[in-house]
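Fold and geometry: a report
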Amino acid sequence: MKITLNPDEGIVRMIQAGLEQSGGYCPCRREKTEDNKCMCREFKEQIKDPSFEGYCHCMLYYKSLQE
Ligand code: SF4
């Protein structure tokens, strides 16, 4: 398993700018809660899920099942 940034640099720049503006809270969600701090709870759970492969909600990160 490995986590990589989205290969689309434009998306990465946009999400990282959103994270800077929000003080580290997920730019794709309204509530500023601990669960929504990057890396958010949802993506951490997807990382733990052995069958999940794909992007986080904002598409900043990609979880691949292959090394
Ligand atoms: S891991 Fe992805 S979805 Fe979760 S807070 Fe960070 S950018 Fe948003």
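Residues numbered from 1 in each chain as written. Predicted model: local features only at pLDDT ≥ 70, side-chain atom pairs only at ≥ 80, totals over all residues. Heavy atoms only, no water.

1. Let's talk about the nonpolar core
Note the cut-off: Put simply, buried Ala, Val, Leu, Ile, Met, Phe, Trp, Tyr and Cys residues joined by side-chain atoms within 4.5 Å make one nonpolar core. Note on exposure labels: buried denotes an accessible area under 20% of the residue type's maximum, exposed denotes more than 50%, and partly exposed covers the range between, all computed with a 1.4 Å probe on protein chains only. Strands are runs of DSSP state E lasting at least 2 residues, helices are runs of H or I lasting at least 4, and numbering of each runs from the N terminus. The contact criterion used is simple: two residues touch if any of their non-hydrogen atoms lie within 4.5 Å.
Core analysis: the largest hydrophobic core is formed by eleven residues, namely Val12, Ile15, Leu19, Cys26, Cys40, Phe43, Phe52, Cys56, Cys58, Leu60 and Tyr61. Looking at this core element by element, the count peaks at three residues for helix α1 (residues 9–22). Those residues within four positions of Phe52 in sequence are excluded, and the remaining contacts are Phe43, Gln46, Lys63 and Leu65.

2. Topic: the sheet that holds strand β3 (residues 61–64)
This is how the line gets drawn: In this description, strands pair whenever DSSP reports at least two bridges between them. The convention used is that axes are lines fitted to C-alpha atoms, helices contributing only their stretch in contact, and that angles between N-to-C directions extend from 0 to 180 degrees.
Ordered in space as β1-β3-β2, the three strands form an open sheet in which the pairing is antiparallel. The open sheet has two free edges, formed respectively by β1 (2–5) and β2 (54–55), since each of these has just one partner strand. With four bridges joining them, β1 and β3 adopt antiparallel strand pairing. Paired with Ile3 across the strands is Lys63, a residue of β3. Most of the contacts of helix α2 (residues 41–48) go to β3, to which it runs at about 15°, and overall it touches β1, β2 and β3.

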